[in-house]
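Examining the three-dimensional arrangement
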Amino acid sequence: MQPFDADELLAAARARTGLSDLGTPDPNEAFRILVGAMNDQGQIAPDRRDHVKAFLIRLLANRMWMAQDIKDHPAILDQPLKTPVVILPQPRTGSTKLQRLLGASDNFQNMLWWQIYNIARRPGLPDGGAGLRRQETRDFDAWALSVVPDLVKGHMLFADEPEEEQMLNEETFWSPKLSMQLSGLGLARWLDGRDDSHVYDRLVIQLKYMQWQHYDGSRPFLLKSPLNVGKEDQLMRVFGRGFRSICPHRDPVNIVVSIAQACEYYRRMFSDVPPEKVARIFGTICLRGFSSAARRHIAWRDANPDMAVLDLAFNDINRNTHDVLERIYAFLGLELTPAIRQKVDAWERDAERNRFGRGSYTPEQFGLTKAQIHTEFEEYLDRFGAYI
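Only a predicted model underlies this, so the values are computations on that prediction, with no experimental measurement involved. (Residues numbered from 1 in each chain as written. Predicted model: local features only at pLDDT ≥ 70, side-chain atom pairs only at ≥ 80, totals over all residues. Heavy atoms only, no water.)

Considering the side chain of Gln166
Put simply, the rule is: The helix count covers DSSP runs of H or I at least four residues long, the strand count covers runs of E at least two residues long, and both are numbered beginning at the N terminus. Remark: exposure states derive from per-residue accessible area (1.4 Å probe, protein chains only) relative to the maximum for the residue type, with buried under 20%, exposed over 50%, and partly exposed in between. For the purposes of these results, a polar contact is taken to be a pair of N or O atoms within 3.5 Å, where, inside protein, one atom must be able to donate a hydrogen and its partner to accept one; residues adjacent in sequence count only when each atom of the pair is a side-chain atom. Note on contacts: a residue pair qualifies if any of its non-hydrogen atoms lie within 4.5 Å across the two residues.
On the secondary structure map, Gln166 appears in helix 7 (residues 165-168). The class of Gln166 is buried, set by a relative accessible area of 13%. Side chain to side chain, Gln166 and Glu164 meet in a polar contact 2.4 Å long. Leaving out residues up to four positions away in the same chain, Gln166 has contacts with Lys177, Ser225, Pro226 and Leu227.

Shown next, in the form of structure tokens:
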């Protein structure tokens with residue numbers, strides 16, 4: 001198979017935009033590590049090569065357009081951000097429902113998926129090309145579902161729904177998700193243990209840029225990403241100590257196996273390698289990564305007992321929406337009005353948004369056992385067993 005060429009991809013992005021500056025922090029090293037890892041692993045399907053190229057060129061082009069916007073409008077970096085509300089979840093704990101449910105309330109500035117997928121304005125187009133950017137996102141979502149119908153059992157994407165900043169992180173190329181989705185696991189190995197402070201510095205810039213485009217700054221952003229668990233010190237560094245966290249919990253067996261399966265679904269977008277060839281690798285990565293994150297999270301809470309945290313149970317999020325909503329609004333000191341209840345109820349009734357399938361998988365499929373997972377998550381189970 002012909003290898004991917006990092007310089008060729010960069011040239012294509014420059015040709016598309018007429019620009020060359022990728023902004024700060026410079027993503028070039030991580031981008032080249034990813035491309036090299038993809039070539040080393042050699043698992044991109046021949047008929048998906050052009051899709052992979054388009055995926056990467058989009059990320060590079062958006063960085064270039066965004067960098068130019070910031071040069072042309074330096075006041076973007078002066079945007080004041082209200083302290084965000086942070087959903088701090090282990091994966092597959094009901095956090096996506098929680099984010100989208102709260103996003104329906106109009107109390108927050110949401111990061112909509114189309115605003116993440118194509119973060120940058122398109123020069124010369126009305127409204128920064130918002131309509132085109134939204135349609136490109138919808139086209140990608142439809143294509144992804146057509147090639148991987150099992151995505152309905154994983155993490156469904158909707159252009160006009162809130163999405164997690166893990167997706168924003170892709171354009172830094174400092175992304176464990178990209179390493180799995182694009183079959184470049186060498187990137188994950190390279191990232192392991194490295195200082196990722198610049199990712200959070202970039203997040204602040206991204207949020208200011210999104211606010212400048214779409215919002216008036218009167219409401220806080222609602223953040224959510226499993227990759228923030230264990231990185232709370234970074235959140236405190238860039239947002240201060242005033243942010244409030246909502247932490248959903250679930251049996252770690254379901255956490256690990258479900259996220260490993262979801263990652264496998266995303267990998268299938270671009271690879272035709274049989275799932276059983278990578279299942280054990282994904283299982284090991286998810287077990288080690290998220291159990292370690294859980295331990296760091298607990299250590300952060302012990303070291304910072306003054307930080308406001310609301311713990312929730314997965315089963316309550318899925319079965320007792322009104323009760324959960326009341327607890328969250330009381331925790332945040334917000335008024336839960338009849339109008340907000342109506343908006344949230346309408347979101348829950350929407351058949352399109354809630355057409356998620358149910359997956360069926362076991363730890364053994366990923367080379368793991370229930371006992372093994374519980375051992376790695378022993379401290380988590382001791383601390384949060386009441387919510388599991």
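Still to come is the rest of the account.
Some remarks on the side chain of Thr321
Locating Thr321 in the fold gives a position in helix 15 (residues 321-332). Residue classification places Thr321 among the buried positions, given a relative accessible area of 7%. Separated by 3.0 Å, the side chains of Thr321 and Glu348 make a polar contact. Excluding its chain neighbours within four sequence positions, the residues that come into contact with Thr321 are Lys97, Leu101, Asp316, Val344 and Glu348.

Regarding the pattern of salt bridges
Our working rule: Definition used for salt bridges: Asp or Glu carboxyl oxygen within 4 Å of a side-chain nitrogen of Lys or Arg.
Applying the stated rule across the entire model yields 27 salt bridges. Of the charged contacts, one joins Arg122 and Glu136 as a salt bridge, the two residues approaching to 2.7 Å between their closest N and O atoms. Here Glu136 lies in helix 6 (residues 130-147) and Arg122 lies in the loop between helix 5 (113-117) and helix 6, a separation of 14 residues in the sequence. Looking at Arg122, the relative accessible area reads 7%, which means it is buried. Salt-bridge contacts for Lys177 lead to Glu170; the nearest nitrogen and oxygen are separated by 2.5 Å. Its relative accessible area of 2% is what places Glu170 among the buried residues. The structure contains a network of salt bridges with shared partners spanning Asp150, Lys153, Glu264, Arg267 and Arg268.

A short note on unusual backbone geometry
Across residues other than glycine, the phi torsion is negative in most instances, and most of the peptide bonds are trans. Across the junction of Thr24 and Pro25, the peptide omega takes the value -10°, indicating a cis bond. With respect to the secondary-structure elements, Pro25 resides in the loop between helix 1 (6-17) and helix 2 (28-41). Although it is not a glycine, Asp127 adopts a positive phi angle of roughly 55°. Tracing the backbone shows Asp127 in the loop between helix 5 and helix 6. Among the residues examined, Asp127 registers a relative accessible area of 66% and is labelled exposed.

Section: the sheet that holds strand 2 (residues 222-224)
The condition that has to hold: Two strands qualify as a pair provided DSSP detects at least 2 bridges between them. Lines fitted to the C-alpha atoms define the axes, with helices restricted to the stretch that makes contact. Angles between their N-to-C directions range from 0 to 180 degrees.
Pairing is parallel across the open sheet formed by four strands, whose spatial order is 2-1-3-4. With partners counted over all chains shown, the strands left at the sheet margins are strand 2 and strand 4 (309-313), one partner each. For this sheet the average axis-to-axis angle between neighbouring strands, irrespective of direction, equals 20°. Looking at chain direction, strand 1 (residues 85-87) and strand 2 are connected through three bridges and run parallel. Each residue of the ladder has a partner; that of Val86, found in strand 2, is Leu223. Contacts from helix 4 (residues 95-103) reach strand 1, strand 2, strand 3 (244-249) and strand 4 within the one sheet, and its direction differs from that of strand 2 by about 170°.

Here's the deal with the pairing of strand 3
Counted residue by residue, strand 3 has five buried out of six residues, so it is predominantly covered. Looking at chain direction, strand 1 and strand 3 are connected through three bridges and run parallel. Considered in strand 3, the bridge of Val86 is made with Ser245. Two elements, strand 3 and strand 4, share five bridges in a ladder whose sense is parallel. Its bridge partner being in strand 4, Ser245 is matched across the sheet by Val309.

Some thoughts on the nonpolar core
To keep things clear, this is the line we draw: Nonpolar cores are built from buried Ala, Val, Leu, Ile, Met, Phe, Trp, Tyr and Cys residues. Side-chain atoms within 4.5 Å join them into one set.
Among the nonpolar cores identified, the biggest contains 75 residues, and Phe173, Leu182 and Met269 are the most heavily contacted of them. Per-element accounting of this core gives the leading share, eleven residues, to helix 3 (residues 49-72).

Some remarks on the packing of helix 12 (residues 252-267) against helix 13 (residues 279-303)
Each pair of packed helices gets described by two things: the angle between the helix axes and the distance between those axes. The line we're drawing: Angle categories are assigned with fixed cut-offs, so that under 35 degrees is roughly parallel, over 145 is roughly antiparallel, 65 to 115 is roughly perpendicular, and the rest are oblique. Definitions for this section: a left-handed crossing has its near helix turned counterclockwise from the far helix by less than a right angle. A right-handed crossing has that turn clockwise.
At a minimum axis separation of 9 Å, helix 12 and helix 13 run at an interaxial angle of 130°. When the axis of helix 12 is compared with that of helix 13, the two are oblique. Seen from above, helix 12 lies across helix 13 with right-handed handedness. Where helix 12 abuts helix 13, its residues Val256, Ile259, Ala260, Cys263, Glu264 and Arg267 lie against Phe282, Gly283, Cys286, Leu287 and Phe290.

Function-wise, these values are silent; they only describe arrangement.
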